[in-house]
Amino acid sequence: MPLSTPAGRPPRLAADPAGDPEAWAAAHRDELRAAVAEHGCLLVRGLGLADPATTAAVFRRLADTLMPDREPFAPRRSYADGVYSSSKWPPNQQMCMHHETSYGVEFPGLLLFACLEAPASGGATGVADAAAVLEALPAGLTDRFEREGWILTRTYHDEIGASFAEAFGTEDRAVVERCCRDRSIDFAWQPDGSLRTRQHRPAVLRHPADGRRCWFNQIAFLSEWTMEPEVRAFLVEEYGPDGLPFTTRHGNGDPIDEDVVATINEVYEKHTAREPWRSGDLLLVDNIRTAHSREPFDGPREVLAALADPVRRADREVRTA
């Protein structure tokens, strides 16, 4: 199958499913997986995905295992086991580069996205090579994060973002506490009934296929400094600086300065490849090697997602002296 690699855009493959996307995906699975292994991502155009049932069948043909969405930062609609809507994020706001569930002890090795309805404008899912981003970031910044890791703090409010019941799949506090202990998450229930959590994670991982070092985290995306200024001001006034729905810190607990977050996002932007969605498109992303984003958009946009092929964090950590 001819693969094109246009500059500034993800690698692209033209599909000819002859009316049966599932059969085409099954027949070309090995070739598609090999292309993702080589390039870090792959856009398949012309597959004609138009409904959740067909999309779910294609996802299952291409993945080894579909995962549940654990600890989401924003609600998703579930279409089938392991098949979800994209995260509910304001359409007029940028969803910055990140690696899916990089704060988990287990995370997807492969992401699958299918565009059932392309927006009128904008809304591209950008991609960026994580090894190149690590190399391009200032050495002083990456050295500290490699030594100390990073911390994600979350406060689960019912009014904004995912509630603790949505994030942990239960309203039973005892089950939530057990999940936190199993996933190395510190937790504390607040007087108002909200849940506050803290999880310490490495910022750099080795890829399981070739051992390459990858910048793998959500330090910038889940930072308070990536929020729109008026949104951050409202949340700080409403919940206080320690009660934000999410923010990130250095591994020793120090706050992360706004300029650090700006630097990370600037490097991501310089390494971003993007292609506007067309209805029926399929995008496969190596979640360790490739970060992804979502750009602001106008009009309806329906993109389904699946998290696949789980990886255990401990096996992939980069250890420093």
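Since this is a predicted model, take the numbers as computed values, not measurements.

Caption draft 1: Spatial organisation of empty space enclosed by the protein. Evaluation of the coordinates by the stated rule reveals four cavities of 30 Å³ or more. Approximately 130 Å³ is the volume found for the largest cavity. If you trace the largest cavity, you find 14 residues lining it, with Ser86, Ser87, Met95, Phe113 and His292 closest to the centre. Secondary-structure elements contributing two or more residues to the lining of the largest cavity are strand E7 (95-98) and strand E19 (290-294). Considering each element in turn, the lining of the largest cavity owes the most residues, three residues, to E19. For the lining of the largest cavity, a count of residues per class yields four nonpolar, six polar and four charged.

Caption draft 2: Molecular detail of the pairing of strand E16 (residues 246-250). In terms of burial, E16 is a largely internal element, four of the five residues being buried. Looking at chain direction, strand E11 (residues 150-156) and E16 are connected through five bridges and run antiparallel. Paired with arginine 154 across the strands is phenylalanine 246, a residue of E16.

Caption draft 3: Here's a closer look at the packing of aromatic side chains. Throughout the structure, instances matching the rule amount to eight aromatic pairs. When the centroid spacing of 5.7 Å and the interplanar angle of 90 degrees are considered together, the rings of phenylalanine 73 and tryptophan 89 count as edge-to-face. One end of the pair, phenylalanine 73, is in the loop between strand E4 (66-67) and strand E5 (78-80); the other, tryptophan 89, is in the loop between strand E6 (83-85) and E7, and 16 residues separate them in sequence. Overall, tryptophan 89 belongs to the buried group, its relative accessible area being 16%.

Caption draft 4: Structural detail: the sheet that holds strand E17 (residues 272-273). An order of E7-E19-E10-E17 is seen for the four strands of this open sheet, with the pairing classed as antiparallel. Edge positions in the open sheet fall to E7 and E17, since each of these has one partner strand only. Both E7 and E19 contribute to a ladder of two bridges, which runs antiparallel. Looking at the pairing, methionine 95 lines up with arginine 294 of E19.

The rules behind these values
- Residues numbered from 1 in each chain as written.
- Predicted model: local features only at pLDDT ≥ 70, side-chain atom pairs only at ≥ 80, totals over all residues.
- Heavy atoms only, no water.
- 1 Å grid on protein atoms, 1.4 Å probe; cavity = no way out; pocket = protein on both sides within 12 Å on 5 of 7 lines; lining within 4 Å.
- Points joined across faces, edges and corners; volume = space filled by probe spheres on them.
- Helix = DSSP H or I, 4+ residues; strand = E, 2+ residues; numbered from the N terminus.
- Nonpolar A, V, L, I, M, F, W, Y, C, P; charged D, E, K, R; others polar.
- Buried < 20%, exposed > 50% of the residue type's maximum accessible area, 1.4 Å probe, protein only.
- Pairing = 2+ DSSP bridges.
- Phe/Tyr/Trp six-rings, centres within 6.5 Å; stacked < 30°, edge-to-face > 60°.

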